[in-house]
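One-letter residues, chain by chain:
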Amino acid sequence: MGHLLTEDVLRFATIRHLIDLGAPADSLQIEWRRPDSRDAVDLVLGTPERSAVLGTPERSAIEFKFPREPRPENAAWTTHLGELLKDYYRLATMPEAFEERWIVQLLPAPFRAYLRGAETRHPRLLLPETEGAETALDPDLLRALPRSVSSLMDRWAPRGLTVRARCVESRPIGDGLLLLVHAVDPVPGPDD
């Protein structure tokens, strides 16, 4: 049934799990947009009203990524890499009310092989698959990547932002898929 899996199915499964863990359904919002931004975040947990009542920033932002191609030999893996990297920047620059920022990635074997090759060509590009390993994305790295990748980060690159994240979960899933969860550290963003 792996051929039926999509990024939306991954998000829905996460929503179901969060509700099963006790998250109120009305505190979840998909495709959340911050004011004056064209970027949407896949899933937000928590509401401003709830945060105000509790007096704490009780909001989490989650991005999902499941890059897949019907024909790996002609795949647009560089575009998928750019979209994947953009998630790190989008989350790192979320408003400070967002206490937690997560990237949930479901990576197929062909894309992971592409990533290993990209890491060989660009040794500073490290997208770990090991729990506890860290990622650091900086402007020099972005400039060294193919334009089809770096152009997706044009919004952040001029600001000289370095984004850091840590792999907190790594689980093989059937059919050559690897589920990864990264916690992303906040940095001042273009809207701050």
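For every chain, the first residue of the written sequence is number 1, and numbering continues from 1 along that sequence. In keeping with the predicted nature of the model, local features appear solely for residues at pLDDT of at least 70, side-chain atom pairs appear and are counted solely at 80 or more, and the whole-chain, interface and lining totals rest on all residues. Side-chain numbers here rest on the full set of heavy atoms in the structure, without hydrogens or water.

Caption draft 1: Spatial organisation of the overall build of the protein chain. Across its full length, the protein chain holds 6 helices and 7 strands. By definition, any uninterrupted DSSP run of H or I lasting at least four residues is a helix, any uninterrupted run of E lasting at least two residues is a strand, and each is numbered from the N terminus. Ordered by position from the N terminus, the helices and strands of the protein chain form the series α-β-β-α-β-α-β-α-β-α-α-β-β. For the exposure calls, accessible area comes from a 1.4 Å probe over protein chains only, and a residue counts as buried if that area is under 20% of its type's maximum, exposed if over 50%, partly exposed in between. Put simply, the protein chain has 192 residues, and 46% of those count as buried. Long-range contacts, defined here as pairs at least 24 residues apart, represent 61% of the contacts in the protein chain between residues at least 6 apart. Note on areas: Shrake-Rupley with a 1.4 Å probe; residue coverage comes only from the protein chains shown. Entry remark: accessible area of the protein chain is about 9,900 Å², with carbon and sulfur atoms responsible for 54%. The contact criterion used throughout is that any non-hydrogen atoms of two residues lie within 4.5 Å.

Caption draft 2: Representation of the packing of aromatic side chains in the model. In summary, the pairing rule links any two rings of Phe, Tyr or Trp, Trp by its six-membered ring, whose centres are within 6.5 Å, and it sorts them by plane angle into stacked for under 30 degrees, edge-to-face for over 60 and tilted for everything else. Evaluated as defined, the whole model comprises 3 aromatic pairs. Taken together, a centroid distance of 6.1 Å and an interplanar angle of 20° make the contact between phenylalanine 111 and tyrosine 114 stacked. Of this pair, phenylalanine 111 and tyrosine 114 both sit in helix α4 (residues 109-121), 3 residues apart, which is roughly one turn of that helix. When its relative accessible area of 0% is taken as the criterion, phenylalanine 111 is described as buried. Overall, the relative accessible area of 15% leaves tyrosine 114 in the buried class. In textbook terms, an aromatic cluster arises when at least three aromatic residues are bridged by ring pairs, as seen for Trp77, Phe111 and Tyr114.

Caption draft 3: Region of interest: the layout of surface pockets. In this model, the largest pocket occupies a volume close to 480 Å³. Grid spacing is 1 Å over the protein atoms alone, the probe is 1.4 Å, and a cavity is where that probe fits but cannot get out, while a pocket is an open set with protein on both sides within 12 Å along at least five of seven lines and lining residues have an atom within 4 Å of a point. Residue lining of the largest pocket: 18 residues in total, with Thr14, His17, Leu18, Val104 and Val181 positioned closest to the centre. In this classification, Asp, Glu, Lys and Arg are treated as charged, Ala, Val, Leu, Ile, Met, Phe, Trp, Tyr, Cys and Pro as nonpolar, and every other residue, Gly included, as polar. Grouping the constituent residues of the lining of the largest pocket by class yields 13 nonpolar, 3 polar and 2 charged. Grid points are joined across faces, edges and corners, and a volume is the space filled by probe spheres set on the points.

Caption draft 4: Up close: the sheet that holds strand β1 (residues 28-33). Should DSSP find at least two bridges between two strands, the strands are regarded as paired. The strand order β1-β2-β3-β4-β7-β6-β5 describes an open sheet built from 7 strands, whose pairing is mixed. Two strands in the sheet have a free side with no partner beyond their single neighbour: β1 and β5 (134-137). Going across the sheet, the axis of each strand differs from the next one's by a mean of 30°, ignoring polarity. Fitting a line to C-alpha atoms yields each axis, with helices limited to the stretch in contact; the angle taken between N-to-C directions then spans 0 to 180 degrees.

Caption draft 5: A look at the nonpolar core. The term nonpolar core refers to a set of buried residues drawn from Ala, Val, Leu, Ile, Met, Phe, Trp, Tyr and Cys, joined through side-chain atoms within 4.5 Å. In terms of nonpolar packing, the biggest core is built from 37 residues, with Leu81, Leu85, Tyr88, Leu125, Leu127, Leu137 and Val184 touching the most fellow members. Among the elements that take part in this core, helix α3 (residues 77-92) stands out by supplying 8 residues, more than any other. Among residues more than four places away in sequence, those in contact with leucine 85 are Leu125, Leu127, Leu137, Leu145, Val149 and Met153. Residues Leu18, Leu45, Leu106 and Leu177 belong to the second largest nonpolar core, which totals 16 residues.

Caption draft 6: Representation of the environment of tyrosine 89. Checked against the element boundaries, tyrosine 89 lands in helix α3. For tyrosine 89, a relative accessible area of 0% corresponds to the buried category. When the C-alpha positions of tyrosine 89 and leucine 161 are compared, they lie 8.6 Å apart, and in sequence the two are 72 residues distant.

Caption draft 7: Molecular detail of unusual backbone geometry. Of note in the backbone geometry, glutamate 31 takes a positive phi value of approximately 50° without being a glycine. Looking at the secondary structure, you find glutamate 31 in strand β1. The exposure class of glutamate 31 is partly exposed, given its relative accessible area of 39%. The backbone of aspartate 175 sits at a positive phi, close to 60°, despite the residue not being glycine. One can find aspartate 175 in the loop between β6 (163-173) and β7 (177-184).

That is the geometry; function is a separate question.
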